[in-house]
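# Structural overview
What follows is each chain in one-letter form.
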Amino acid sequence: MEAPIYLFTGPEFGKRNDAVDSVKKALVKKVGDIDEHLFYLCETPFSQVMTILQSGTLFSNGVFVVCKNAELLKKKDELQMISDWLETADGSAVLVLVSDEISVDSKLEKIVPDTKQNRQKFWEMFENEKLPWVINYFSKNGYLITKDAAQLVLDLVENNTEALKRECSRFFVCFEKSHEITEDDVDSILTHSREESVFTLFNQMCNTNLPVEKRFENSIEILQSIKANDDNFAMSFAAGLASCFRKLVIWHKLHQKSDYVDKTELKIHGLSGATIQKQYARAAKVWTLGQAAAILANISTILTDLRTGSSSAENVMFDILVYQIIMKKGASINSIDKEEF
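Residues numbered from 1 in each chain as written. Predicted model: local features only at pLDDT ≥ 70, side-chain atom pairs only at ≥ 80, totals over all residues. Heavy atoms only, no water.

### Overview of the side chain of N118
With respect to the element layout, N118 can be found in the loop between helix 4 (106-111) and strand 5 (119-121). Here N118 is in contact with E2, A3, I5, Y6, L7, F8, V112 and P113, once residues within four sequence places are set aside. (Helix = DSSP H or I, 4+ residues; strand = E, 2+ residues; numbered from the N terminus. Contact = heavy atoms within 4.5 Å.)

### Observations concerning the pattern of salt bridges
A pair can form between side chains of opposite charge whenever their charged atoms are brought close. This structure, assessed with the given rule, holds 12 salt bridges. The salt bridge partner of E36 is K24, with a shortest N-O separation of 3.4 Å. Here E36, found in strand 2 (residues 34-40), pairs with K24, found in helix 1 (residues 13-31); they are 12 residues apart in sequence, far enough to count as distant. The partly exposed category is assigned to E36, whose relative accessible area is 49%. K24 gets classed as partly exposed once you look at its relative accessible area, which sits at 22%. (Salt bridge = Lys/Arg side-chain N within 4 Å of Asp/Glu carboxyl O. Buried < 20%, exposed > 50% of the residue type's maximum accessible area, 1.4 Å probe, protein only.)

### Examining the pairing of strand 4 (residues 93-99)
When a strand is regular, its side chains alternate between the sheet's two faces. For strand 4, the tally of buried residues reaches 7 of 7 residues, placing the bulk of the element in the interior. Along strand 4, one buried face is formed by A93, L95, L97 and S99 and the opposite face, lined by V94, V96 and V98, is buried too. The sheet contact formed by strand 1 (residues 5-9) and strand 4 spans 5 bridges and is parallel. Across the sheet, residue L7 finds its bridge partner in strand 4, namely L97. Pairing analysis gives 5 bridges linking strand 3 (residues 62-68) to strand 4, with the strands arranged parallel. Its bridge partner being in strand 4, C67 is matched across the sheet by L97. (Pairing = 2+ DSSP bridges.)

### Digging into the packing of aromatic side chains
Applying the stated criterion across every chain yields a total of 14 aromatic pairs. Taking 5.5 Å as the distance between ring centres and 85 degrees as the angle between the ring planes, the aromatic pair formed by F138 and F172 counts as edge-to-face. Linking F138 in helix 5 (residues 127-140) with F172 in helix 7 (residues 161-174), this pair joins segments that are 34 residues apart in sequence. Comparing F138 with F172, the two get one shared label, buried. Summarising the aromatic geometry, the rings of F202 and F245 are spaced 5.2 Å apart at their centres and angled 85 degrees between planes, so their arrangement reads as edge-to-face. Linking F202 in helix 9 (residues 198-205) with F245 in helix 11 (residues 234-254), this pair joins segments that are 43 residues apart in sequence. F202 sits in the buried class, given a relative accessible area of 1%. Classification of F245 by relative accessible area gives buried; the value is 0%. An aromatic cluster is present here, built from W133, Y137, F138, Y143, F171, F172 and F175 joined pairwise through their rings. (Phe/Tyr/Trp six-rings, centres within 6.5 Å; stacked < 30°, edge-to-face > 60°.)

### Brief notes about the pairing of strand 3
Burial of strand 3 is extensive: 6 of the 7 residues sit out of reach of the surface. Of the pairings in the sheet, the one linking strand 2 to strand 3 comprises 7 bridges and is parallel in character. From the neighbouring strand, I34 faces strand 3, where its bridge partner is G62. In this view, the connection linking strand 3 to its parallel neighbour strand 4 by way of helix 3 (residues 76-88) has right-handed handedness. (Right-handed = clockwise from strand over helix to strand, strands pointing away.)

### Examining the nonpolar core
In this structure, F237, L241, F245, W287, F318 and I325 are the most contacted members of the largest nonpolar core, which totals 47 residues. Looking at this core, the elements that each hand over two or more residues are helix 9, helix 10 (212-229), helix 11, helix 13 (274-286), helix 14 (289-308) and helix 15 (314-327). Among the elements that make up this core, the one with the highest residue count is helix 11 (13 residues). Ranked by size, the runner-up nonpolar core spans 25 residues in total, among them I52, C67, W85 and A93. (Core = buried A, V, L, I, M, F, W, Y, C linked by side-chain atoms within 4.5 Å.)

This is the structure in structure tokens:
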């Protein structure tokens, strides 16, 4: 019997989510009605996840659990819980572990069977695949788009097929199929109305074309926009920002010996693609390796405070963090600085 545990890692969210959906459909086909649960391990104790897997449900035939932030599963007792559960699992409950990172703790990887079905890494598209993908996606939906417009889409949207599908689909609502999408259309639809995220914030933070004061001002505006659109943004925001600076630390380390880094090595760490490489090259000019590590440590402290509920000032916390990152380059701010907020 195929083990009811799956580990899907990597930054290609679209294909990764398709794989998760495929596992869910297989379980439904096997047992019928199921209960679905989604947890973020940066905010939910893993023991709670295991309780649901072990208890099952009285009202459905199966349980389908997806856990994001699987890179956080490192503790011996957590890994033992998984091993113990697998020994008695009958296949009616399925656990899918998901991470934006390329790899997770080696001890966790050993628990998940090394098969094509159970353990998969989802890489970003190669550079030469992106432009044809965008043009083909419009074509499949009955639309034409100029090559320059398609390239602008790639410059403005995160490098994964989930984000690309979401943003490209917005054009299908705004234009008739007889209309060919141009650069002006992309600028109008994406530049002036796209939803802000932790990734657009990071991009603004390292925008070296702007003076530091303007970068801070723009970043605070983006942060306020994110807050306004998501009342429960704190955990996912902090985890996303940590991921950005974790990659910056990796970028610095990869470039310590030489300015040239093999493309395969960059891809392994989720740093493939011209757009993301330009972004991290800019970020490396803004923050040194030591500063990036200090910022990452500060974000980790915030994540810990959020998990334990020891912080009661989330609204101000992230404003201070952005100030600390941009204006102080990760250095601590004193009480006089805090009065500005």
